[in-house]
Every structure is written in structure tokens, then in C-alpha cells.
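What follows is each chain in one-letter form.
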Amino acid sequence: MTQSTTCSNASKAIDIRYRLEPDLTELLQHLGYEFRDPALLRRALAHRSWCSEVGGEPSNERLEFLGDAVLGWVVADIAYRRHGELTEGKLTDLRKSVVNASALAEVAQEIELGPCLLLGKGEDAAGGRTKPSILSDALEAVLGAVYLDGGSEAAFALIERLFVQRMTVAALRLDRLDFKTVLQELTARLHDTAPVYVLSDTGPDHDKRFFATVIVAGQLVGKGEGRSKKTAEQAAAEEAWLALSNTAASNTAAR
């Protein structure tokens with residue numbers, strides 16, 4: 001059996017479904033990278049819920065910390081070199097458009113990262129494999145693992161391949177990246193009202209994650225999350241803006 005398909009029994013106290021590691025063949029194909037040390041990838045996939053169940057296993061949180069920094073560096077480098085026409089403020093907006101929980105979760109889904117995660121039984125049953133926060137953190141951990149395993153060139157090449165197309169698209173619509181503003185303009189036109197944001201958070205002060213919902217005319221029209229209130233609200237506003245825009249377009253076409 002290969003490194004990507006074999007696994008050791010993590011604990012006799014949990015059933016075989018949680019002892020066996022997932023088949024990583026497709027994930028490795030999506031990454032296009034062969035790990036010299038497969039244990040790094042395994043650690044990148046280990047959520048803290050799984051680690052607390054099996055005991056003695058390190059979670060992916062340290063790799064996530066590293067991957068977040070590596071991702072920020074690479075995206076900033078690509079933005080600077082490929083978009084010389086953009087001001088500092090627009091470069092910042094471009095980076096934010098792809099380095100956020102929602103965008104990272106989408107990339108994680110594209111490379112089928114969810115099925116490969118090592119999750120505790122409770123988290124798995126609660127739909128953890130599709131949670132944006134878990135997916136985005138795991139993707140950053142994988143990027144950190146590639147950086148440690150293959151160095152800066154390998155990490156740069158992978159991030160460039162996964163994100164450059166998104167950055168190109170985002171650069172074409174930078175005038176609409178402030179979704180809170182465009183949502184407010186849209187709701188004023190459609191409903192003669194302003195969107196209402198409801199915020200909540202979880203986690204310790206040094207590692208909080210924020211959640212936002214958008215209410216328009218009494219209806220919940222968008223959700224978002226992020227590591228800051230602003231990021232969560234922007235993500236929720238984007239989802240709401242897309243939903244309301246599509247509804248408005250459909251209503252217009254039906255007339």
C-alpha cells in the first residue's frame with residue numbers, strides 16, 4: 001500500500017472509520033506536489049477535534065499559522081508583479097479578495113480537501129468537512145506543510161497555480177470589492193431600506209472568529225465569517241449582494 005492510502009490504527013477506543021486515514025490520491029493529484037515527508041501532509045489534515053479523541057497527536061494549527069503567512073507573502077508578491085497599474089490600496093483590496101475564509105474554503109472544495117480531513121466523530125457528524133472555517137484553516141495548513149517540505153519555490157508554485165486565476169478575475173472587479181457599499185446601494189434601490197448586520201464571535205481573544213448575517217427587509221439574505229468583524233461582514237455582504245442581484249435579474253427577465 002502507498003503512503004497516501006496506508007494508515008496506522010489511531011486508537012482502539014474509536015471505531016475503524018476513525019482509525020483509517022483517507023485515501024489522499026486525488027488530493028495529491030490536485031496539489032500536483034509529491035511530499036518527501038508524508039507525515040507533514042497528515043498533520044496538516046489533523047483537526048483539533050480528531051487530536052483530542054486519539055490523544056498525543058499534534059493538530060494542524062501550527063501549520064495553519066505558517067501557511068497563512070506564506071499565503072499572504074505569495075499573494076502580495078503576485079499582486080505586485082502582475083498588477084503594476086494598481087495603487088497600494090487596490091493591491092490591498094486584491095489580496096483581501098482571495099485571502100479570506102470564504103475564498104480559501106472555495107479553493108479547498110475545488111481540490112476536494114474536505115473528504116481528506118481527520119475530524120473527531122462529533123465534528124464530522126456536525127458537517128465539519130464542509131465548514132468554511134475548517135476548510136480554510138486546513139488549506140492554510142497544507143500550504144504550510146508544502147513550504148516546510150519543499151521550500152519557498154514549491155509553495156510559491158502551488159499557491160500561484162491555485163490562486164492566480166482568482167486574482168485575475170478579482171482585479172477586473174475591484175470597484176465592487178467593497179460589498180457593504182454596493183449592497184447598501186442595492187437594498188436602497190430595491191427595498192428603500194438599509195441592510196442590518198448581526199455579529200457573533202467564538203474563540204479566545206487572541207484567536208477569535210467572527211460570524212455575520214445580513215438582514216434585508218426582515219429576511220436573512222447572507223452569511224459570512226472571518227478573522228475580523230470587517231472580513232465577516234464583507235463576506236456576508238457579498239453573499240447577500242449576489243443573492244439579491246440574481247433575484248432582481250430573474251424578476252426583470254420574467255416581466
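Basis of the calculations
Residues numbered from 1 in each chain as written. Predicted model: local features only at pLDDT ≥ 70, side-chain atom pairs only at ≥ 80, totals over all residues. Heavy atoms only, no water. Axes fitted to C-alpha atoms, helices over the stretch in contact; angles between N-to-C directions. Helix = DSSP H or I, 4+ residues; strand = E, 2+ residues; numbered from the N terminus. Parallel < 35°, antiparallel > 145°, perpendicular 65-115°, else oblique. Contact = heavy atoms within 4.5 Å. Pairing = 2+ DSSP bridges. Buried < 20%, exposed > 50% of the residue type's maximum accessible area, 1.4 Å probe, protein only.

(A) Representation of the packing of helix 7 (residues 101-110) against helix 9 (residues 132-172) in the model. At a closest axis distance of 6 Å, the pairing of helix 7 and helix 9 adopts a crossing angle of 75 degrees. As the angle between them shows, helix 7 and helix 9 are arranged roughly perpendicular. Residues Ala101, Ala103, Leu104, Ala105, Glu106, Val107, Ala108, Gln109 and Glu110 of helix 7 touch helix 9, and the partners they reach there are Pro132, Leu135, Ser136, Leu139, Glu140, Leu162, Phe163 and Arg166.

(B) Geometry of the sheet that holds strand 1 (residues 196-202). Strands sit in the order 1-2-3 across an open sheet of three strands; the sheet is antiparallel. The outermost strands of the open sheet, each flanked by one partner alone, are strand 1 and strand 3 (219-226). Averaged over all pairs of adjacent strands, the angle between their axes in this sheet comes to 20 degrees, without regard to strand direction. For strand 1 and strand 2 (residues 209-216), the ladder comprises seven bridges, and the chain directions are antiparallel. If you follow valine 198 over to strand 2, its bridge partner there is threonine 213.

(C) The arrangement of the pairing of strand 2 in detail. Connecting strand 1 to the antiparallel partner strand 2 that follows it, the hairpin turn spans six residues, and glycine 203 within it adopts a positive phi of roughly 100 degrees. Counted along the chain from strand 2 to the antiparallel partner strand 3, the turn is two residues long, and its residue alanine 217 has a positive phi close to 55 degrees.

(D) Up close: unusual backbone geometry. Within the chain, glutamate 112 stands out as a residue other than glycine whose phi angle is a positive 60 degrees. Positive phi, close to 50 degrees, is recorded for aspartate 192, a residue that is not glycine. Summarising the element assignment, aspartate 192 is placed in the loop between helix 10 (179-191) and strand 1. With relative accessibility at 70%, the residue aspartate 192 sits in the exposed group.

Just geometry here; none of it tells us what the structure is for.
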